Amino acid sequence: MMKTRFTLTLAAGLVAGVLAAPTLAADNLAAFHADMGGCQNCHSDANKPTDDNLTYENEQCQTCHGTLADVAATEENVEHSPHLSHLPGEPACTSCHMGHEKSVVYCDSCHSFDFNMPFQGKWERKEQGINDLLQANLDIEKALKAEPRATTDIVIIGSGGAGLSAAVAAHDKGAGVIVLEKEPLVGGNTKLAAGGMNAALTKQQAAKGIEDSLELMTEDTMKGGRNINDPALVEVLVTHSAGSVDWLTGLGADLNDVGRMGGASVNRTHRPTGGAGVGAHVVQVLYDNAIKREIDIRYNSRAVEILEDDKGQVRGVLVKGEHTGYYWIKAEAVVVATGGFARNNDRVSALDPKLKGFAATNHPGATGDGLDVAGNAGAAMKDLEYIQAHPTLSVAGGVMVTEAVRGNGAILVNREGDRFVNEITTRDKASAAILEQTGKTAFLIFDDSVRHSLKKIERYIELGVVPSNSSLKALGDSLGINGAELEKSVARYNEFVASGKDADFARPNMPRSLNQGSYYAIEVTPAVHHTMGGVQIDNQGEVVGKDGKVIKGMFAAGEVTGGVHGANRLGGNAISDIVTFGRMAGENAASFVKK
Ligand code: FAD
Ligand code: MEZ
């Protein structure tokens, strides 16, 4: 059946059989519902939201319109239905549907597709920097004089993979935790992770007969990081990598598919069977485990300041609740797991002017709050100037195309139809090579055998960013690539696959010839992807202060930290990093509060 473009009609209310489809006279949801019973329609207490998760308000949406799954079930034939999206957790209705302002489609924060929903406005981000918020703010002074709104053992800032791993691990060691998340939904950049999670000496590798070693993973990681990585942190990353895969699978994850990312000597990148995206799966597993443990996850809740006593020991966190204003939580330890800052081009370009104006692959919350929050509390910083571009952001859809597409066999060609680089070299080299090509873009070229080797490719095809043709020449010509030359380049590459040696670019893995069924092309260009530097930690996940001493009660994990990846991170090493260091920070914070 033909798919229709996404339109959320209010007839979705019919799902629950309660509402008829009314006509739209008002220009926002609150005004619209005012005609149907006033404020009490959505709020329990006049116009006052219940909490920052808008728990009661979201229940009211569902009473009439049904759950996300109910609405999604009505949209199976809709193109780009956000209700059928890859976002893990249980995204609340109010993540997109605003009450008193124009609604925004959250997907628009990363993608550039046409959506159409009632009372829709444009996606715009107006987030003030942490230091601007802190300037002479009377609301903050008042909040700090009041009693804490909550008391717990550990506050975890950020609900990405590092934060959720820390939360589950700390809880399982007996500590009470509250997770703060400034976005309206769980998962940060982790939910977008596609290619996989690196680990050496795993059961999954053994089952496939892959020979690896801790020394080889260490060597690859250090070489990729231009040997400036902190060796003590790399040792933690590598020696715990298989344990972290086991920990996740013990919590319910499937990491059975093992592929290869740039800079790796062997296949060690773990992802779900069939090659589905790793991040949404891992976040869903961690989120389900957090919910099972009744962990308090507060959305729309931005950590603004870590509060310390006069001896410099952590005493709590100041929070800005999107709907409930400033308040503080009393706690003895904090885990900063706020992720990187690739989405903050002002910060990125101040550190690396070459990247000014570049697009980013990241989610909108990746602005670097953690650097200010931890920095203002005395944390030292490390390697901030090292910022990585990912070579393959789709020009048409603004979506990052996973390195696994190349790992599974795709090649890169320029407009002249020629290959120009070892496709699975490290990202810094691949990105630099693309920027030297005509128009500063290149094309990923692959066939049906690559398509069927990786489920994630179906998502790019669904998003409409992958033109295809049974003739390579016709495909090339239709996209402004020299089609005749493209045919020759693919034929030459197939000869290299047959001989096992890439005589042009010494590509080390050529898993398959490109000669099955249809051919596909995705136009790509580099975009800011990963920020290697950040808060300095030791090999226990404790934050190191500007005086070189550990700050008591302050832990950090994940992309907000610096040192693990040196000057350039290898694909697949971040998920390994955040799970290992997240768990460790959570467990060590739990031991700290017990002392
Ligand atoms: P995040 O997952 O970004 O979580 C941080 C959270 O903190 C966010 O939700 C953010 O909103 C929140 N936050 C920030 N500031 C505050 C504040 N002040 N108060 C409260 N909350 C706050 N790596 C791999 O190894 N393999 C892959 O396949 C892979 N694919 C990727 C694909 C894409 C498109 C992207 C963008 C990255 C990918 N990476 C991959 C990198 C990897 O996903 C990230 O480095 C990693 O997920 C970061 O995890 P984190 O928990 O440190 O941060
Ligand atoms: O580690 C990454 O960032 C990664 C593997 C991304 C990707 O291309 O999938």
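Residues numbered from 1 in each chain as written. Chains lettered and ligands numbered in written order. Predicted model: local features only at pLDDT ≥ 70, side-chain atom pairs only at ≥ 80, totals over all residues. Heavy atoms only, no water.

Novice: For this particular structure, what's the right way to read the overall build of the protein chain?
Specialist: Broken down by element type, the protein chain carries 20 helices and 23 strands. Its C-alpha atoms give the protein chain a radius of gyration of 24 Å, within 12% of the compact-globule value 25 Å for 595 residues. With the principal axes as the frame, the protein chain shows a C-alpha extent of 70 × 65 × 45 Å. Residues classed as buried in the protein chain amount to 57% of the 595 residues present. Of all intrachain contacts in the protein chain linking residues separated by at least 6 positions in sequence, the fraction that spans at least 24 positions is 72%. Taken as two groups, the 56 positive and 73 negative side-chain charges of the protein chain have centres that lie 3 Å from each other. (Helix = DSSP H or I, 4+ residues; strand = E, 2+ residues; numbered from the N terminus. Rg over C-alpha atoms; globule rule 2.2 N^0.38 Å. Buried < 20%, exposed > 50% of the residue type's maximum accessible area, 1.4 Å probe, protein only. Contact = heavy atoms within 4.5 Å. Lys, Arg positive; Asp, Glu negative; His and termini not counted. Charge placed at Lys NZ, Arg CZ, Asp CG, Glu CD.)

Novice: Please explain the site of ligand 2 as it appears in this structure.
Specialist: In the region of ligand 2, the neighbouring residues are Ala194, Gly195, Met261, His390, Met400, Thr402, Glu403, Arg427, His529, Arg569, Gly571 and Gly572. A distance of 2.8 Å is found between an oxygen atom of ligand 2 and a side-chain nitrogen or oxygen belonging to His390. Backbone polar atom of Glu403 to an oxygen atom of ligand 2: 2.5 Å apart, as the coordinates give it. Burial of ligand 2 by the protein amounts to 93% of the accessible area it has alone, namely 270 Å². Residues that form the shell around ligand 2 fall into these classes: three nonpolar, six polar and three charged. (Near = heavy atom within 4 Å. Polar contact = N/O pair within 3.5 Å; in protein donor to acceptor, adjacent residues only side chain to side chain. Areas by Shrake-Rupley, 256 points an atom, 1.4 Å probe, with all protein chains shown as cover. Nonpolar A, V, L, I, M, F, W, Y, C, P; charged D, E, K, R; others polar.)

Novice: Please explain the confidence of the model for the protein chain as it appears in this structure.
Specialist: If pLDDT is low for a region, its predicted coordinates should not be looked at in detail. Looking at the protein chain, the pLDDT average stands at 92 and 95% of residues meet or exceed 70. Counting contacts from residues 1-22, a segment whose pLDDT is below 50, to residues more than four positions away or on other chains yields 59 contacts. (pLDDT = per-residue confidence, 0-100.)

Novice: I keep staring at the nonpolar core and nothing clicks. Help me out?
Specialist: For soluble globular proteins, the rule of thumb is that nonpolar side chains tend to be buried together. In this structure, Ile154, Leu180, Leu248, Ile306, Met554 and Phe581 are the most contacted members of the largest nonpolar core, which totals 91 residues. Tallying contributions element by element places helix α20 (residues 573-594) first for this core, with 10 residues. Apart from residues no more than four positions distant in its own chain, Phe581 is found in contact with Leu233, Val236, Leu237, Ile537, Ala557 and Val564. Grouped together as the second largest cluster of nonpolar side chains are 53 residues, Val421, Ile481, Met510 and Ile522 included. (Core = buried A, V, L, I, M, F, W, Y, C linked by side-chain atoms within 4.5 Å.)

Novice: Would you mind showing me how to read helix α10 (residues 241-251) here?
Specialist: Residues lying three or four places apart along an α-helix face the same way, a consequence of the helix completing one turn every 3.6 residues. Residues Ser241, Ala242, Ser244, Val245, Trp247, Leu248 and Leu251 constitute the buried set of α10. Looking one or two places after α10, you find Gly252, whose phi comes out positive at around 120 degrees.

Novice: Just checking my understanding: could you explain helix α19 (residues 483-499) for this structure?
Specialist: If you check α19, its first and last C-alpha atoms are 25 Å apart, about what 17 residues at 1.5 Å a residue would give, namely 24 Å. Those residues of α19 that sit buried are Gly483, Leu486, Ser489, Val490, Tyr493, Asn494, Phe496 and Val497. Buried residues of α19 fall within an arc of 155 degrees about the axis and therefore sit on the same side. Turned more than 90 degrees away from the buried face of α19 sit Lys488, Glu495, Ala498 and Ser499, all of them exposed. The elements touched by buried residues of α19 are β16 (411-413), β17 (442-447) and α18 (472-478). Capping of α19 at its N-terminal end is provided by Asn482; its side-chain oxygen lies 3.2 Å from the backbone amide nitrogen of Ala484. Positive phi appears at Gly500, one or two residues downstream of α19, with a value of about 80 degrees. (Expected span 1.5 Å × (residues − 1). Arc of directions from axis to C-beta.)

Novice: Even after reading the chapter, I still don't get the sheet that holds strand β5 (residues 177-180), so can you show me in this structure?
Specialist: Hydrogen bonds along the backbone pair up the strands of a sheet, which may run parallel or antiparallel. What the six strands build is an open sheet, ordered β9-β5-β4-β13-β22-β21; its pairing is mixed. Two strands lie at the open edges of the sheet, namely β9 (296-298) and β21 (542-544), each paired on one side alone. Across this sheet, the average inter-strand angle for adjacent strands is 30 degrees, counted without regard to direction. Bridging between strand β13 (residues 333-336) and strand β22 (residues 550-556) involves three bridges; their strand directions are parallel. Bridge pairing links Val336 to Ala556 in β22. Strands β4 (154-157), β13 and β22 of the sheet are contacted by α20, whose axis makes an angle of about 145 degrees with β22. (Pairing = 2+ DSSP bridges. Axes fitted to C-alpha atoms, helices over the stretch in contact; angles between N-to-C directions.)

Novice: Whenever I open this one, the environment of His65 confuses me. Can you help?
Specialist: Mapped onto the fold, His65 is located in helix α2 (residues 55-65). Judged by its relative accessible area of 18%, His65 is buried. Sequence separation of His65 and Cys93 is 28 residues, and the distance between their C-alpha atoms is 9.8 Å.

Novice: What should I look at first to understand the pairing of β5 in this one?
Specialist: For a regular strand, side chains alternate in direction, first toward one face of the sheet and then toward the other. Residues Val177 and Val179 of β5 are buried on one face, and the alternating residues Ile178 and Leu180, pointing to the opposite face, are buried as well. With four bridges connecting them, β4 and β5 associate as parallel partners. Across the sheet, the residue bridging to Ile154 is Val177, located in β5. Crossover β4 to β5 through helix α6 (residues 161-172) is right-handed. (Right-handed = clockwise from strand over helix to strand, strands pointing away.)

Novice: Got a minute to help me understand the packing of helix α9 (residues 231-239) against α20 in this structure?
Specialist: Helix packing for two helices is described by the angle between their axes and how far apart those axes are. Their axes nearest at 9 Å, the elements α9 and α20 cross at an angle of 95 degrees. Relative to α20, the element α9 lies roughly perpendicular. The residues of α20 that touch α9, namely those facing Leu233, Val236 and Leu237, are Asn573, Ser576, Asp577, Thr580, Phe581 and Met584. Class assignment for the residues of the contact of α9 with α20 results in five nonpolar, three polar and one charged. (Parallel < 35°, antiparallel > 145°, perpendicular 65-115°, else oblique.)

Novice: What is the right way to read the site of ligand 1 from this model?
Specialist: Around ligand 1, the structure places 41 residues, and the nearest of them are Glu181, Thr190, Gly195, Gly196 and Glu559. One of the backbone nitrogen or oxygen atoms of Ala194 is found 3.1 Å away from a nitrogen atom of ligand 1. One of the side-chain nitrogen or oxygen atoms of Glu559 is found 2.7 Å away from an oxygen atom of ligand 1. Protein burial of ligand 1: of its 1,000 Å² of free accessible surface, 98% is covered by the chains. Per element, the largest residue contribution to the shell around ligand 1 is four residues, and it comes from α20. Each residue belonging to the shell around ligand 1 can be placed in one class, and the counts come to 12 nonpolar, 22 polar and seven charged.

Novice: Can you help me understand the side chain of His390 in this one?
Specialist: You can see His390 is positioned in strand β15 (residues 387-394). One polar contact links the side chain of His390 to the main-chain amide nitrogen of Thr392, over a distance of 3.1 Å. Beyond its immediate chain neighbours, meaning those up to four positions away, His390 contacts Thr361, Met400, Val401, Glu403, Arg406, Arg427, Ser431, Thr525, Pro526, Ala527 and His529.

Novice: Would you mind going over the state of the cysteines with me for this structure?
Specialist: By definition, a disulfide links the sulfur atoms of two cysteines through a covalent bond. This model, assessed by the stated rule, comprises zero disulfides. Looking at the unpaired Cys42, the closest cysteine sulfur is the one in Cys61, lying at 6.4 Å. No disulfide involves Cys64; its sulfur sits 8.6 Å from that of Cys61, the nearest cysteine. The class of Cys64 is partly exposed, set by a relative accessible area of 22%. (Disulfide = S-S within 2.5 Å.)

Novice: Teacher, can you tell me more about the sheet that holds strand β20 (residues 534-536) here?
Specialist: The strand order β14-β20-β23 describes an open sheet built from three strands, whose pairing is mixed. The strands lining the two open edges of the sheet, one partner per strand, are β14 (381-382) and β23 (561-562). Sheet topology note: the β20/β23 ladder contains two bridges and is parallel. The residue bridging Gln536 from the neighbouring strand is Gly562, located in β23.

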